[in-house]
Amino acid sequence: MMWPSSQASKILTFLLLITILYCICMDTFLFLRIQKYNIDIYDVGPENGTQETSTQKNIQLENYEDVTWVPCHINPLCHPTVKALMVDHINHYIYGPLCAIVDIGLGISENMLFITPNIISFFHVFVACVGAKLLTCQNLALRRLAVVLFQLRMFLDDLDGHVARERKHIKGERSEVGTLGYWVDGICDLLGVIAMMIGILLYLKNNPPRRGYKGTPVSTLPYHQLKEINTSEDIEKEHTAEVGISYKTKVSFQRIVQVLGLFSGQMMLSSIAWNRYIDVYQDLLENCTQYDVIRRATMFKSGLFFFATALWRVVNPHSYLHLLSLAVFCDKTWSFLKTVHYSGYICLVIAVATSEYLVENIRSYVVS
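My aim in this report is to walk through the structure given alongside it, one point at a time. What you are looking at is a predicted structure, and each value in this text was computed from that prediction instead of being measured.

### Topic: the overall build of the protein
On a plain count of helices and strands, the protein comes out with 13 helices and three strands. Within the protein, the proportion of its 368 residues that are buried is 44%. Accessible surface computed for the protein: about 19,700 Å², of which carbon and sulfur atoms make up 63%.

### Quick notes on unusual backbone geometry
Non-glycine residue His 169 carries a positive phi angle of around 55°. Along the chain, the position of His 169 falls in the loop between helix H6 (140–167) and helix H7 (180–206).

### So, the pattern of salt bridges
Under the criterion given, the structure shown has seven salt bridges. A salt bridge links Asp 331 to Arg 143; its shortest N-O distance comes to 2.8 Å. With Asp 331 in the loop between helix H12 (317–329) and helix H13 (333–367) and Arg 143 in helix H6, this pair connects stretches of sequence that are 188 residues apart. Under the relative-accessibility criterion, Asp 331 is labelled partly exposed at 41%. Relative accessible area serves as the criterion here: at 3%, Arg 143 is assigned to the buried category. Residue Arg 363 pairs with Glu 360 through a salt bridge whose shortest N-O separation is 3.3 Å. In this pair, Arg 363 and Glu 360 are both assigned in helix H13, three residues apart and thus about one turn of the helix distant. A relative accessible area of 46% places Glu 360 in the partly exposed class.

### Examining the nonpolar core
Of all hydrophobic cores here, the largest spans 81 residues; its most connected members are Ile 200 and Tyr 281. Here this core gets 13 residues from one element, more than from any other, and that element is helix H9 (residues 253–287). Setting aside its immediate chain neighbours within four residues, Tyr 281 contacts Val 82, Met 86, Glu 286, Phe 305, Ala 308, Ser 355, Leu 358, Val 359 and Ile 362.

### Topic: the environment of Leu 140
Looking at the element boundaries, Leu 140 is found in helix H6. Sequence-wise, Leu 140 and Val 328 are 188 residues apart; in three dimensions their C-alpha atoms are separated by 8.9 Å.

### What to know about the state of the cysteines
All chains considered together, the criterion is met by one disulfide. Put simply, Cys 72 and Cys 78 are joined by a disulfide, and their sulfur atoms are 1.8 Å apart. Disulfide Cys 72 to Cys 78: torsion about the S-S bond roughly -70°, handedness left-handed.

### Structural notes on the packing of aromatic side chains
Under the counting rule described, the total for this entry stands at 13 aromatic pairs. Residues Tyr 22 and Tyr 93 carry aromatic rings whose centres are separated by 6.4 Å and whose planes lie at 80° to one another, so their mutual orientation is edge-to-face. Of this pair, Tyr 22 sits in helix H1 (residues 5–36) while Tyr 93 sits in helix H4 (residues 89–106), and the two are 71 residues apart along the sequence. Here Tyr 93 falls in the buried class, since its relative accessible area comes to 2%. Judged by centre distance (5.5 Å) and plane angle (55°), the ring pair of Tyr 42 and Phe 300 falls under tilted. With Tyr 42 in the loop between H1 and helix H2 (54–59) and Phe 300 in helix H10 (residues 293–301), this pair connects stretches of sequence that are 258 residues apart. Of the residues examined, Tyr 42 reaches a relative accessible area of 3% and is grouped as buried. On the basis of relative accessibility, which here comes to 1%, the residue Phe 300 falls in the buried class. Feature note: the residues Tyr 42, Tyr 277, Tyr 281, Phe 300, Phe 305 and Trp 312 constitute an aromatic cluster, connected by ring pairs. One residue, Arg 144, lies across the ring of Phe 329, its end atom 4.8 Å from the ring centre. Positioned above the aromatic ring of Tyr 365 is the side chain of Arg 295, whose terminal nitrogen or guanidinium carbon lies 4.6 Å from the ring centre.

Rules of the game
Residues numbered from 1 in each chain as written. Predicted model: local features only at pLDDT ≥ 70, side-chain atom pairs only at ≥ 80, totals over all residues. Heavy atoms only, no water. Helix = DSSP H or I, 4+ residues; strand = E, 2+ residues; numbered from the N terminus. Buried < 20%, exposed > 50% of the residue type's maximum accessible area, 1.4 Å probe, protein only. Areas by Shrake-Rupley, 256 points an atom, 1.4 Å probe, with all protein chains shown as cover. Salt bridge = Lys/Arg side-chain N within 4 Å of Asp/Glu carboxyl O. Core = buried A, V, L, I, M, F, W, Y, C linked by side-chain atoms within 4.5 Å. Contact = heavy atoms within 4.5 Å. Disulfide = S-S within 2.5 Å. Phe/Tyr/Trp six-rings, centres within 6.5 Å; stacked < 30°, edge-to-face > 60°. Lys NZ or Arg CZ within 6 Å of the ring centre and 35° of its normal.

Here is the structure:
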């Protein structure tokens with residue numbers, strides 16, 4: 001039995017507020033953790049063979065694992081990395097710890113060796129195809145079930161990476177660019193997104209949204225919307241009053257394709273840029289050991305770097321998918337797509353410009 005819309009809206013609003021407050025608090029704790037405690041990738045050990053300087057002493061801070069009461073197996077703050085700072089809030093603070101709990105409970109990494117990360121990736125593509133089929137249904141309850149399946153797909157997308165890192169004994173989020181697992185994960189993720197976009201497109205095609213014209217005679221409505229109107233179902237009269245008649249006409253399929261295409265283009269550009277900056281930042285701050293470790297640690301701990309990565313938490317492709325899922329669940333798919341199909345590009349440009357500026361600053365600072 002489906003909840004009344006008013007009750008569902010109240011519950012969703014409450015959960016959304018709680019989630020936003022939780023993510024803001026976790027971002028604050030993450031920033032304080034980076035500033036106050038030691039970071040694994042910038043440890044300065046005695047093997048360097050040089051006398052310890054005052055600057056080196058400053059970065060050898062207390063170990064976070066010694067003071068936190070949340071075990072690092074499930075604590076998303078324990079091992080901050082470049083990618084961890086750029087992963088969206090839901091995946092980092094909710095799905096990440098849940099993956100660790102599920103892995104510990106089922107023993108996937110240690111005992112179920114036949115379940116490989118690639119098998120998990122292939123399985124979440126299957127889940128996405130089932131979800132895409134449900135997205136085409138007129139019944140809102142089935143479309144909400146589709147949203148649950150797509151969230152499960154995103155959870156499994158996190159799980160495959162977690163299992164891969166556990167079996168390789170890698171601490172923290174990292175992208176192993178160029179490996180087989182990297183490409184399999186990326187392709188499967190792309191297929192899941194395509195399935196979702198196709199499901200939404202077919203639903204909007206079969207149930208086109210309507211555009212309202214208040215107090216407007218039929219004769220003055222746009223010709224391109226009237227030329228295909230043949231039945232009374234294509235144009236609805238809401239009411240008749242002294243101020244006139246309110247009509248609603250169907251949005252054309254061409255317009256639907258245009259809006260959905262612009263939104264999909266945002267996601268594609270966001271994915272390309274997001275992966276690029278993860279790769280660039282990793283090369284400059286984590287992988288290039290020939291650069292001075294003190295300078296790399298200083299840039300990693302800077303407020304500007306945290307701000308730049310925080311932008312990608314908001315405009316990365318996973319954030320787009322979470323927002324789209326929320327819109328589908330609330331039956332506001334078309335309203336959401338219309339709102340962001342242009343404005344989203346502005347946010348993306350700001351994130352790219354900030355990152356390009358920061359990359360040049362990091363490169364000039366750590367290389368000199």
